[in-house]
Amino acid sequence: MSTATTSAPVSVEHRPRLVSSELLKVTSTKMWLGMLVGVVIFIAIGIASSIFAPEQPGFAQPRLTTPEGIRNLFANAGGAYLFAIIIGALGMTQELRHQTLTSTLLSEPHRNKVTGAKMAAYFVIGAFYGLIGVIVGYAMAFALLPLKEHTDISVTALWQIAGGAILGSGLFAVLGVAVGTLVRNQIAAILGILVWVLVIEQLVVTFLPKIGKWLPGGALAGVLQTTGANGTTYLPIWGGALVLLGYTALFATVAALTTQRRDVT
Amino acid sequence: MTHAAQLTAGAVASGGSLGQPVEVVGLTKMFGSVLAVDDLSFTVAPGRVTGFLGPNGAGKTTTLRCLLGLVAPTPGSATIGGKRYDQIGTPIRTVGSALEATGFHPGRSAINHLRIVARSGGVDERRADVTLSLVGLTDSAGRSVGGFSLGMRQRLQLAAALLGDPGVLVLDEPANGLDPEGIAWLRSFLRHLAGEGRTVLVSSHVLSEVEQTVDDVVIIARGHLVRACPLTELTEATHGVVVRTPQLAELTAALAAAPGVTVVPQADGSVVVRGADAAAVGRAALTAQVELHELRAATSDLEQVFLSLTGGATS
Ligand SMILES: Nc1ncnc2c1ncn2[C@@H]1O[C@H](COP(=O)(O)OP(=O)(O)O)[C@@H](O)[C@H]1O
Ligand SMILES: [Mg+2]
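Please read all numbers here as calculations on a predicted model, not as lab measurements.

Enquirer: I tried to follow the overall build of chain B on my own but got confused; where do I start?
Expert: The number of helices and strands found in chain B is 11 helices and 13 strands. Reported as C-alpha extents along the three principal axes, the dimensions of chain B are approximately 75 × 50 × 35 Å. Every one of the 315 residues in chain B was classed for burial, and the buried ones make up 52%. For chain B, the accessible area works out to roughly 12,500 Å², and carbon and sulfur atoms hold 54% of it. Computed over 24 positive and 28 negative side-chain charges, the separation of the two mean positions in chain B equals 8 Å.

Enquirer: Please clarify how the overall build of chain A should be interpreted in this entry.
Expert: Scanning chain A from N- to C-terminus turns up 11 helices and 0 strands. Reading the helices (α) and strands (β) of chain A from amino to carboxyl end gives α-α-α-α-α-α-α-α-α-α-α. Taking 265 residues into account, the globule formula puts the C-alpha radius of gyration at 18 Å, and chain A, at 21 Å, falls close to it. Referenced to the eigenvectors of the C-alpha coordinate spread, the extents of chain A come out at roughly 70 × 40 × 30 Å. For chain A, the proportion of its 265 residues judged to be buried stands at 53%. Contacts spanning at least 24 positions in sequence make up 80% of the contacts within chain A whose residues lie at least 6 apart. Here chain A has roughly 12,100 Å² of accessible surface; of this, 69% comes from carbon and sulfur atoms. Charge-centre separation for chain A: the mean point of 16 positive side chains lies 8 Å from the mean point of 10 negative side chains.

Enquirer: Would you take a moment to explain the nonpolar core for this structure?
Expert: Ranked by internal contacts, the top residues of the largest apolar core, which has 83 residues, are Leu156, Val217 and Leu234 of chain B. Contacts of Leu234 of chain B, omitting those with residues within four sequence positions, involve Leu207, Val217, Ile219, Arg227, Cys229, Leu302, Val305 and Leu309 of chain B. In terms of nonpolar packing, the next biggest core, distinct from the first, is built from 61 residues, Met92, Leu145, Ile161 and Leu175 of chain A among them.

Enquirer: Got a minute to help me understand the environment of Gly222 of chain A in this structure?
Expert: Residue and element names in this part refer to chain A. Mapping Gly222 onto the fold places it in helix α10 (residues 216–224). In sequence terms Gly222 and Tyr234 are 12 residues apart; their C-alpha atoms lie 4.9 Å from each other. The contacts of Gly222, once residues within four sequence positions are left out, are Tyr234, Leu235, Pro236 and Ile237.

Enquirer: How should the site of ligand 1 be read in this particular structure?
Expert: Every residue near ligand 1 is listed here: Thr265 of chain A together with Phe31, Ala36, Pro55, Asn56, Gly57, Ala58, Gly59, Lys60, Thr61 and Thr62 of chain B. Those chains with residues close to ligand 1 are chains A and B. The contact in question runs from an oxygen atom of ligand 1 to an N or O atom on the backbone of Gly59 of chain B, over 2.9 Å. Starting from 560 Å² of accessible surface for ligand 1 in isolation, the protein chains cover 65%. Residue contributions to the shell around ligand 1 peak at 3 residues, all from helix α2 (residues 60–67) of chain B.

Enquirer: What am I meant to see in the packing of helix α4 (residues 81–97) of chain A against helix α7 (residues 155–183) of chain A here?
Expert: The axes of two packed helices give the description: the angle between them and the distance between them. Residues and elements named next belong to chain A. Close contact between α4 and α7 brings their axes to 6 Å; oriented N to C, the two are set at 35 degrees. Of the two elements, α4 crosses α7, and the hand of that crossing is right-handed. Within the contact between the two elements, α4 uses Tyr81, Ala84, Ile85, Gly88, Ala89, Met92 and Thr93 and α7 uses Ser169, Phe172, Ala173, Leu175, Gly176, Val177, Gly180 and Thr181. Tallied by class, residues from the contact of α4 with α7 come to 9 nonpolar, 6 polar and no charged.

Enquirer: Please explain the pattern of salt bridges as it appears in this structure.
Expert: Two side chains with opposite charge may pair up if their charged atoms get near one another. Residue and element names in this part refer to chain B. Under the definition given, this model contains 18 salt bridges over all chains. A salt bridge links Lys60 to Glu173, with the nearest nitrogen and oxygen atoms 3.9 Å apart. Of this pair, Lys60 sits in helix α2 while Glu173 sits in the loop between β6 (168–172) and α6 (180–195), placing them 113 residues apart in sequence. The same class applies to Lys60 as to Glu173, namely buried. The salt bridge partner of Arg198 is Asp165, with a shortest N-O separation of 2.9 Å. Of this pair, Arg198 sits in the loop between α6 and β7 (199–204) while Asp165 is found in the loop between α5 (150–162) and β6, placing the two residues 33 residues apart along the sequence.

Enquirer: Got a minute to help me understand the coordination of the magnesium ion (ligand 2) in this structure?
Expert: Six octahedral donors at a metal ideally form angles of 90 or 180 degrees, and four tetrahedral donors ideally form angles of 109.5 degrees. Residues and elements named next belong to chain B. Coordination sphere of the magnesium ion (ligand 2), protein contribution only: Thr61 (OG1) and Glu100 (OE), at 2.0 to 2.5 Å. Of this pair, Thr61 sits in helix α2 while Glu100 sits in the loop between β5 (95–98) and α3 (110–120), and the two are 39 residues apart along the sequence. With a relative accessible area of 33%, Glu100 lands in the partly exposed category.

Enquirer: How should the side chain of Asp124 of chain B be read in this particular structure?
Expert: Residues and elements named next belong to chain B. Position of Asp124 among the secondary structure elements: in the loop between α3 and α4 (126–134). The exposure class assigned to Asp124 is buried, which follows from its relative accessible area of 8%. Reaching out from Asp124, the side chain makes a polar contact with the backbone nitrogen of Arg126 at a distance of 2.7 Å.

Enquirer: Teacher, can you tell me more about the sheet that holds β6 of chain B here?
Expert: Sheet strands pair via backbone hydrogen bonds, and the direction of the pair is either parallel or antiparallel. Residue and element names in this part refer to chain B. Spatially, β5-β6-β7-β3-β8-β9 is the arrangement adopted by the 6 strands of the open sheet, whose pairing is mixed. Of all strands in the sheet, those with a lone pairing partner are β5 and β9 (224–230), marking the two edges. Each strand axis lies, on average, 15 degrees off the axis of its neighbour in the sheet, ignoring direction. Direction of pairing for strand β3 (residues 49–53) relative to β7: parallel, over a ladder of 5 bridges. Residue pairing in the sheet places Phe52 in a bridge with Ser203 of β7. Relative to β6, α2 is tilted by about 145 degrees, and along the sheet it contacts β3, β6, β7 and β8 (216–221). Seen against the sheet, α6 touches β3, β6 and β7 and runs at an angle of roughly 150 degrees to β7.

So, how was this worked out
Residues numbered from 1 in each chain as written. Chains lettered and ligands numbered in written order. Predicted model: local features only at pLDDT ≥ 70, side-chain atom pairs only at ≥ 80, totals over all residues. Heavy atoms only, no water. Helix = DSSP H or I, 4+ residues; strand = E, 2+ residues; numbered from the N terminus. Buried < 20%, exposed > 50% of the residue type's maximum accessible area, 1.4 Å probe, protein only. Areas by Shrake-Rupley, 256 points an atom, 1.4 Å probe, with all protein chains shown as cover. Lys, Arg positive; Asp, Glu negative; His and termini not counted. Charge placed at Lys NZ, Arg CZ, Asp CG, Glu CD. Rg over C-alpha atoms; globule rule 2.2 N^0.38 Å. Contact = heavy atoms within 4.5 Å. Core = buried A, V, L, I, M, F, W, Y, C linked by side-chain atoms within 4.5 Å. Near = heavy atom within 4 Å. Polar contact = N/O pair within 3.5 Å; in protein donor to acceptor, adjacent residues only side chain to side chain. Axes fitted to C-alpha atoms, helices over the stretch in contact; angles between N-to-C directions. Left-handed = near helix turned anticlockwise from the far one by under 90°. Nonpolar A, V, L, I, M, F, W, Y, C, P; charged D, E, K, R; others polar. Salt bridge = Lys/Arg side-chain N within 4 Å of Asp/Glu carboxyl O. Donors = N, O, S within 2.8 Å, 3.2 Å for Na, K, Ca; no water. Pairing = 2+ DSSP bridges.

All we've got here are geometric facts, nothing functional implied.
As structure tokens, this is what we get:
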């Protein structure tokens, strides 16, 4: 095909065109910055309250003077996953809400490619949130810890938590895209995610850890190797990672299948 | 006009794959129990502007969405240059389209909207600036689309359709929301694109809106094809000669000798003769010694013809 001779040739082929288009969708509106501010505030509050919260009698959280306690403190840096899953769901549902899905599918009619590119892009966004969360969380923890009696955290644990937070947030963002594909209504999707992550999962993971550790949030606790009330432990790191990957793969597949032939009107 | 100059600049960038025919064959679409499109067949030729016409709810948007792979036909086919939309690699370089109920993120700038489309469609992002200036939106490039008027959104849709410098344009009600000046601009724009050999398919629910733009019409009502013909065939139907005579049979016989002449009796006792002018009818009457009580040329409104065509299908 002959292309243009003018300053603006029509055709270009750069392979990750779909992923890069999805990333431009995210960075060309302000929402992702707002969510990033949310990540910073949420993690700052988590770290501060872990350090300064009074001990609760009868419902013993491990103390900062124990290896479990200090690990739990740093694991607050993994809190970006909540924002990652929400931005993933928003990214998908706003295409329906603002009816931009039509132009998306006109540019690339192969829907699996579009879904795949969106998930890849949101993995990057989620992982970026995870990274910022780790930087902010670690900086605050190291700044405030000298104010309290505490034990030291191992370098290995710091790397494990950082890796888990970044990958975990990336995977949760992909889960968010899948949830948005399945639920479609923006408000319903976001409310559903908030109720699930902040209420249902918290209750099950806390009070029924034998079941809770198999849920996505419980699996993330395994990846971060936190310790629950009264010394409850979750899956090993690799186990948690596998469960989280499994959920992501399952939801991504179901989402891709349901969009395959759906009419876009 | 500056637009015309820019238009030519845009045309130079043409990909060379101009003018592919659009073919719709036996297209049917049910939404649940609603039959939106019913066994519809027509073709759209390159190098011409084709008006896709029908009242609201006739099935125009649904047909175009089937053509563009957004809605699955049940059954039937719609192809562009013989290919289904999803079989065309990087389709926006072949088919540019602007559909009804296509939106914009209100917080995103016009130029970024176009860059996103260009990037995912494999089109050089500098085309975003080119097409924005083609539609006269350069000054609003950095503004959020949330503050755009309906007319500006229509222009932005058109800019998006032109990104890939496509040989086929599919525009759904592009004149909606445009002011008279905008409609005149759109008219010359579409004529120019067809003049370059491109296939241009524009839908509208008002014939008069596109009357001066289109070469061919495809008229549908309730999902059915009513008429597919050159516009001139419809225009001819608007010209007639009103005749009143006590010797109708003799006159009809006299006129029947001439080819292509029809005599249509009217409710008020007169007849309308089509295919001949008043002079020819008068001469025929004189020769046949037919007494005339009235003889005058009459032109009915094209929109009236359109309404009677589409109204007929709904009764
Ligand atoms: N997603 C949908 N679900 C159900 N009915 C629909 C849907 N889209 C269109 N229709 C129906 O199909 C018919 C044709 O609609 P449409 O193609 O939008 O007509 P037009 O564009 O000619 O105004 C209408 O009766 C409309 O109500
Ligand atoms: Mg319509």
